[in-house]
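Structural characterization, general
Given next are the chains, with one letter for each unit.
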Amino acid sequence: GAVVSQHPSRVICKSGTSVKIECRSLDFQATTMFWYRQFPKQSLMLMATSNEGSKATYEQGVEKDKFLINHASLTLSTLTVTSAHPEDSSFYICSAREGHTEAFFGQGTRLTVV
Amino acid sequence: KNQVEQSPQSLIILEGKNCTLQCNYTVSPFSNLRWYKQDTGRGPVSLTIMTFSENTKSNGRYTATLDADTKQSSLHITASQLSDSASYICVVSAMADDYKLSFGAGTTVTVRA
């Protein structure tokens, strides 16, 4: 299957700082990328959907000024958690698809805010 | 509201045994249903994908079934191995809303020697 690479796999940051997570499609053009958040023993919760070259569409309850999403190219989307706080600690996962084909998931990023 | 419910929430089985996971959904209009395996601390990996017209699909020791009339699916794991320990997530795609995915909460499977 197609490959989606997410980086970093783990990150620890201090409260108040910002963290950037990258999501890359390695062998296809990701016209749409999705960002999810997953708390322990829970399923994935969609945070936002981004189409290349357009502003991201955020799900209800997700602060767009706190979770900045950039999808400037067909192979890269970034999620920046700004002014991170301990409650932002979670597992963040991206997925990408070309057109309306199957979406493939990245490996996930474990964010710990101390 | 589109919903996906999975059962059981968790189960423990002995190595070599079989098990079946269930998924019920209310997603409409239905596009496809996928089963994913998610190892702890990793992203989900696709096992099977089925459209409306498909009743069963296999991927090695994993066999998924779909009954689109009753809106039920199952994932059967045959001759379980220790590496099958993971969370199994049922995901249903709607044909509307830009093929938005609805996720089940997952079934955590623990295989013991």
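An account of the accompanying structure is given in this report. Here, residues in each chain are numbered from 1, in the same order as that chain's written sequence. Chain labels run from A onward and ligand labels from 1 onward, assigned in the order the entries are written. pLDDT decides what is reported in this predicted model: residues at 70 or higher carry local features, side-chain atom pairs at 80 or more are listed and counted, and totals for whole chains, interfaces and linings draw on all residues regardless. Hydrogens and water molecules were not included; the side-chain quantities draw on all heavy atoms of the structure.

Here a helix means four or more residues in a row that DSSP labels H or I, a strand means two or more in a row labelled E, and each is numbered from the N terminus. What chain A contains, in helices and strands, is 0 helices and 11 strands. Radius of gyration means the value over C-alpha atoms here, while the globule rule gives 2.2 Å times the residue count to the 0.38 power. Against the compact-globule benchmark of 13 Å for 114 residues, chain A has a radius of gyration of 13 Å, which places it among compact chains. When the backbone C-alpha atoms are referred to their principal axes, chain A occupies close to 35 × 25 × 20 Å. The buried label goes to any residue with under 20% of its type's maximum accessible area, the exposed label to any with over 50%, and the partly exposed label to all in between, with areas taken from a 1.4 Å probe on protein chains only. Each of the 114 residues in chain A was classed as buried or not, and the buried ones make up 47%. Throughout, a residue-residue contact means that at least one pair of heavy atoms, one from each residue, lies within 4.5 Å. Considering only contacts within chain A whose residues lie at least 6 apart along the sequence, 54% involve residues at least 24 apart.

All names here are of chain A. One can find S90 in strand β9 (residues 90-97). Owing to a relative accessible area of 3%, S90 belongs among the buried residues under this scheme. With residues up to four places along the chain from it excluded, the contact list for S90 reads R37, Q38, F39, T109, R110 and L111. Whenever two N or O atoms come within 3.5 Å, that pair is a polar contact, provided that in protein one can donate a hydrogen and the other can accept it, and provided that, for residues adjacent in sequence, both atoms are side-chain atoms. A polar side-chain atom of S90 sits 3.1 Å from the main-chain carbonyl oxygen of Q38.

Note on aromatic pairs: the rings of Phe, Tyr and Trp (six-membered ring only in Trp) are paired at centre separations within 6.5 Å, and the planes decide the class, stacked below 30 degrees, edge-to-face beyond 60, tilted for the rest. The full count for this structure, using the stated rule, is 9 aromatic pairs over all chains. Where F105 of chain A meets F103 of chain B, the ring centres are 6.2 Å apart and the plane angle is 75°; that geometry is what we call edge-to-face. Separated into two different chains, F105 of chain A in strand β10 (residues 104-105) and F103 of chain B in strand β10 (residues 101-103) make up a pair that spans both. F103 of chain B carries the same exposure label as F105 of chain A, and that label is buried.

A word on the pairing of strand β2 (residues 10-14) of chain B. Residue and element names in this part refer to chain B. The alternating pattern of β2 places L11 and I13 on a buried face and S10, I12 and L14 on a face that is not buried. Pairing of β2 with strand β11 (residues 107-112) involves 5 bridges; the strand directions are parallel. Of the residues in β11, the one forming a bridge with I13 is V111. Should DSSP find at least two bridges between two strands, the strands are regarded as paired.

Core analysis: the largest hydrophobic core is formed by 26 residues, its most contacted members being L21, Y25, L33, W35, L75, Y88 and V92 of chain B. Listing elements by their share of this core, those giving two or more residues are β2, β3 (19-25), β4 (30-38), β5 (45-51), β7 (62-67), β8 (72-77), β9 (86-94) and β11 of chain B. At 5 residues, the largest contribution of residues to this core is made by β9 of chain B. Buried Ala, Val, Leu, Ile, Met, Phe, Trp, Tyr and Cys residues form a nonpolar core when they are joined through side-chain atoms within 4.5 Å. Grouped together as the second largest cluster of nonpolar side chains are 23 residues, C23, I69, A84 and C94 of chain A included.

By salt bridge we mean one thing: a side-chain nitrogen of Lys or Arg within 4 Å of a carboxyl oxygen of Asp or Glu. Inspection of the entire model under this criterion finds 4 salt bridges over all chains. As a salt-bridge pair, D88 of chain A and K66 of chain A come within 2.9 Å of each other at their nearest N and O atoms. Taken together, the positions of D88 of chain A in the loop between β8 (76-81) and β9 and K66 of chain A in the loop between β6 (57-58) and β7 (67-73) put the pair 22 residues apart, joining distant regions of the chain. Residue classification places D88 of chain A among the buried positions, given a relative accessible area of 5%. On the basis of relative accessibility, which here comes to 12%, the residue K66 of chain A falls in the buried class. Here D84 of chain B and R61 of chain B are joined by a salt bridge, their closest N and O atoms 2.8 Å apart. Of this pair, D84 of chain B sits in the loop between β8 and β9 while R61 of chain B sits in the loop between β6 (56-59) and β7, placing them 23 residues apart in sequence.

What follows concerns the environment of C13 of chain A. All names here are of chain A. Here C13 shows up in strand β2 (residues 10-13). When its relative accessible area of 8% is taken as the criterion, C13 is described as buried. Separated by 71 residues in sequence, C13 and A84 place their C-alpha atoms 8.0 Å apart. Not counting the four nearest positions on each side in its chain, C13 is found in contact with V19, A84, L111, T112, V113 and V114.

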